[in-house]
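# Examining the three-dimensional arrangement
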Amino acid sequence: MNSRILPFLFLKLASLLLASLLAGCQPAPPPAAPLPASLPAAPAKLTHLPLSGNPVCSGSFVSHRLDFTTGTRLREIGTYISNGAGVAANDLDQDGLLDLVFASVDGDSTLLWNEGGLNFTPQPLPARFTRAVSTVDVDGDGWTDLFFTHRGRAGISFWHNQGPAAVGERPRFELHPLTGVDSYAYAMGWGDSDGNGRLDLVTGSYGVELTQHGVAADDPQAGVHLHLQQEDGWHTQVLAPDAETLSLAFLDLTGDGHPEIWAANDFGLEDHVWTRQGNRWQRADLFAQTSYSTMTIEWGDIANNGQLTLFTTDMNPYDIHPRTLAAWLPTVTQLAAQKRADDVQVMANVLLTRASDGRWHDQATRQGVDASGWSWAARYGDLDQDGLLDLYVVNGMIAADLFGHLPNAELVEENQAYRNQGQRFTPAPEWQLGSTASGRGMLMADLDNDGDLDIAVNNLRSFAQLHENQLCSGASLQVELQWLSTQNRSALGAQLLLTTDSGILRRDVRASGSYLSGDPTRLHFGFPTGTTLQRLDIYWPDGTLSSFENPPDHGLLRVTR
Amino acid sequence: MTQSTLTLPNVLDLPRLFPLLSLLHPRQHTRLVLASLGVGLLVSYTAVALGMLPLWAATALVLAILLPAGLLKWHDDYRRYGTTAVTLSILVTTQGVHTVEHIVQWIQYHLFYLTMRQSNGLLSPANSEWVHFVWNWLVLAAVVLLLRSGMRGSWIWLLLAVALFHTVEHTYTFVRYQIILRELTAMDVLNVTAQGLPGIVGRDGWLARSEWTRGTWICSLPGLTTAVRLDIHFWWNTLEMALLLVAGHRHLRRHPL
């Protein structure tokens, strides 16, 4: 053989190898068959409501300071006060406006009553030293209740919404016992896991913080616990005795139509997924890769192809400037990563898509979202209303025992906004969402009732923020479900498909998932102006389907069943 | 015996098939090499077993004891075959040892599940930016010397390209290492190392993070923006070693010793 040909053969072989690696590095995605087409019909009534807000347009987001702080009463912040607290939103007083609830690691939690026009009236709630917050109508009385997890040894607190004492007054919240639910809790998740029409609760404890508070590692109240709500009260199952859980979710990860339970764990403890087998829950191995210190869980259909894409956050600097790395290095060297056989963890955000082998594979680097700083909450949301879910991540860290080498022991970072371009995410600095406050909990909701998604952030050691969406692009439809015949009044777990002339948009009703935070049950569909909406399909949690042809292309739809 | 010869079966005639074996053979220094290796291993093993030396020092001791025999052998190569052959002989030997070091690191990380920082190979203090930087420039210089002294063929040019890129990568990491050390010093952080940070390719490297490449098809290439540094440098060295062996083999087939 001519020796001059050999190097070229070598190159060709290398390229063939590369091509085979490309083809083989990840199994092909499964066919898009997210939800069954023929299901028993569920008659439902549709009410179209106008939105009261007037959009203000500047082409970017505009940040407002909210009258709430957490972490400012402490002389010094160390681990794990540093993990901050969450925020939740829902219409608590049924005035059509979404109210905010902020948890606080060093004081009272606070309700911010939405008065319209981005005016909020604070009302402290004597729920103290709180972490996560959810807004859930747990007893199906039509009023949304509040649930908090707390720092240290305290369990869940349940603040029952009593409704207003008189017409024109705001609802009152009373602390009620949650008899039968007595596990330590850092994170919580809500859903109807057994399909009995009542909401169940899953809680996860944070082992390192419990140790700080003198709790033994084998304490039976620690770990991941599933609390099933049944007619005679709450019944608890232990899913895992050990937990470093920062986020929890009920989510169908296997595509069988039933939700799994996903616990996202900090440090070297891998994320766990349990799938239901009859009356038992069994561990399932579904992830080819996970974050190492998984802070948050987020999911959505980012490609409008009927497939969910999962996203979790971790600690990874978003730029590699030497000054940035120098700020991180003294801390990172303390976080000596443990490593085990078959360890699937990587210290980076992961963006997981489900492949034909049934497992979820990481695409974060390919999509440009593997590093967003010391990241906490992350949310998908169609911020620019182009029909594609964008991504926002809040970040930063304050801890004297980790970042004592930095001024005020604070790692100052800019929150990261990513625009979904269809094939990948690109940074969107033009949206001006790069706040340098140390964000922890975060949610997206239409807080000024003008149709687009605003963002509320619970910052540590600085004022909470509301980033008002003034992009004024595209159009939107918001949908709210009312399932009056069950205790799951907001239909948590329902899947909604909005078929348009440019694609199918998918959303689901949820109350929790993102880091320490609670979502509103009002869903937002964004789409380009001029899009024709052809059909809205609602897959209820009991396996029935409601379909509406030609839904309106603006405002708020209330679907009552 | 004054001169040792290879006594392999003629049917295989390995030295003729693979003339690099003849070049690397210690010939009359075989006994000295074997004796040095034996003494080195014995002393080092004993020192490690008695807790007198750490593994890296024992490894260094073995190499130090082998060095005189190696120098004699390379001197003999120079007298017999000239500059090109002795350069090739030294490069194949030293780069071979270097590759072994990377293989050990790879085993430590992937088979023994040590952490990245613990997977330091046999010569852990040598796993530093300074050593990598100097070493790769020396390898590049040796490849250039091979070319200047008459070695030709497409493989040596491929080797030059790979060695050049590898050296650029280590120069990049070395420069950043220096800048980061300066930043750490400015923060009064003096007890933290900046070793082992990503370079141009691999997870969190320049390609993965640059605004020009981030999220593009480049990030879809397996490993290019996702492999950890240990794997990246294992593959750099494996590729370099493979190309060096092929280039040396082709050269010696064309220009027999």
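Residues numbered from 1 in each chain as written. Chains lettered and ligands numbered in written order. Predicted model: local features only at pLDDT ≥ 70, side-chain atom pairs only at ≥ 80, totals over all residues. Heavy atoms only, no water.

### Notes on the environment of A:Ala165
We apply this condition: A run of DSSP states H or I qualifies as a helix once it reaches four residues; a run of E qualifies as a strand once it reaches two. Both are numbered from the N-terminal end.
Secondary-structure assignment places A:Ala165 in the loop between strand S9 (157–164) and strand S10 (171–176). Placed 95 residues apart in sequence, A:Ala165 and A:Thr70 show a C-alpha to C-alpha distance of 30 Å.

### Describing the state of the cysteines
In protein chemistry, a disulfide is the covalent bond that joins the sulfur atoms of two cysteines. Residues and elements named next belong to chain A. This is how the line gets drawn: The disulfide criterion is simple: two cysteine sulfur atoms within 2.5 Å.
With the rule as written, the count across this model stands at one disulfide over all chains. A sulfur-sulfur separation of 2.0 Å characterises the disulfide bridge that pairs Cys57 with Cys472. Every disulfide takes its handedness from the sign of the S-S torsion; for Cys57 and Cys472 that torsion is -90°, giving left-handed. On the criterion of sequence distance, the pair formed by Cys57 in the loop between strand S1 (45–49) and strand S2 (61–69) and Cys472 in the loop between strand S34 (463–469) and strand S35 (475–482) is long-range, its members being 415 residues apart.

### Points about the interface of chain A and chain B
Our working definition: In this description, contact between two residues means that some pair of their heavy atoms is separated by no more than 4.5 Å. By buried area we mean the combined loss of accessible area, with a 1.4 Å probe, across both parts when two parts are placed together. In the sections that follow, a salt bridge refers to a side-chain nitrogen of Lys or Arg positioned within 4 Å of a carboxyl oxygen of Asp or Glu. We call two N or O atoms a polar contact when they sit within 3.5 Å, provided that within protein one can donate a hydrogen and the other can accept it, with sequence-adjacent residues counted only if both atoms are side-chain atoms. Three residue categories are used. Nonpolar comprises Ala, Val, Leu, Ile, Met, Phe, Trp, Tyr, Cys and Pro, charged comprises Asp, Glu, Lys and Arg, and polar comprises the others, including Gly.
The interface is formed by 41 residues belonging to chain A together with 39 residues belonging to chain B. When chain A packs against chain B, close to 3300 Å² is buried across both sides, 63% of that on carbon and sulfur atoms. At the junction of chain A with chain B, the criterion picks out two salt bridges. In this structure, B:Arg214 and A:Asp370 form a salt bridge, with 3.3 Å as the shortest nitrogen-oxygen distance. On the surface where chain A and chain B come into contact, there are ten residue pairs in polar contact (both at pLDDT 80 or more). The residue inventory of the side of chain A that touches chain B, partitioned by class, reads 24 nonpolar, eight polar and nine charged.

### Things to note about the confidence of the model for chain B
Selection rule: Across the chain, each position has a pLDDT score giving the predictor's confidence in that residue, from 0 to 100.
Within chain B, residue pLDDT values average 91, and 95% of them lie at 70 or more. Here helix H1 (residues 14–17) of chain B is the element of chain B with the lowest mean pLDDT, 80, and helix H7 (residues 154–186) of chain B is the one with the highest, 97.

### Looking at the pairing of strand S27 (residues 390–395) of chain A
All names here are of chain A. What counts is decided by this rule: For each residue, the accessible area found with a 1.4 Å probe, counting protein chains only, is set against the maximum for its type, and the residue is called buried under 20%, exposed over 50%, and partly exposed in between. If DSSP finds at least two bridges between two strands, the strands pair.
When you tally the buried positions in S27, you get six out of six residues, the bulk of the element. Burial along S27 is two-sided: Asp390, Tyr392 and Val394 facing one way and Leu391, Val393 and Asn395 facing the other are all buried. Sheet topology note: the strand S26 (residues 373–381)/S27 ladder contains five bridges and is antiparallel. Each residue of the ladder has a partner; that of Gly381, found in S27, is Asp390. Of the strand pairs in this sheet, S27 and strand S30 (residues 416–420) are connected by three bridges, and their pairing is antiparallel. Bridged to Leu391 within S30 is Tyr418.

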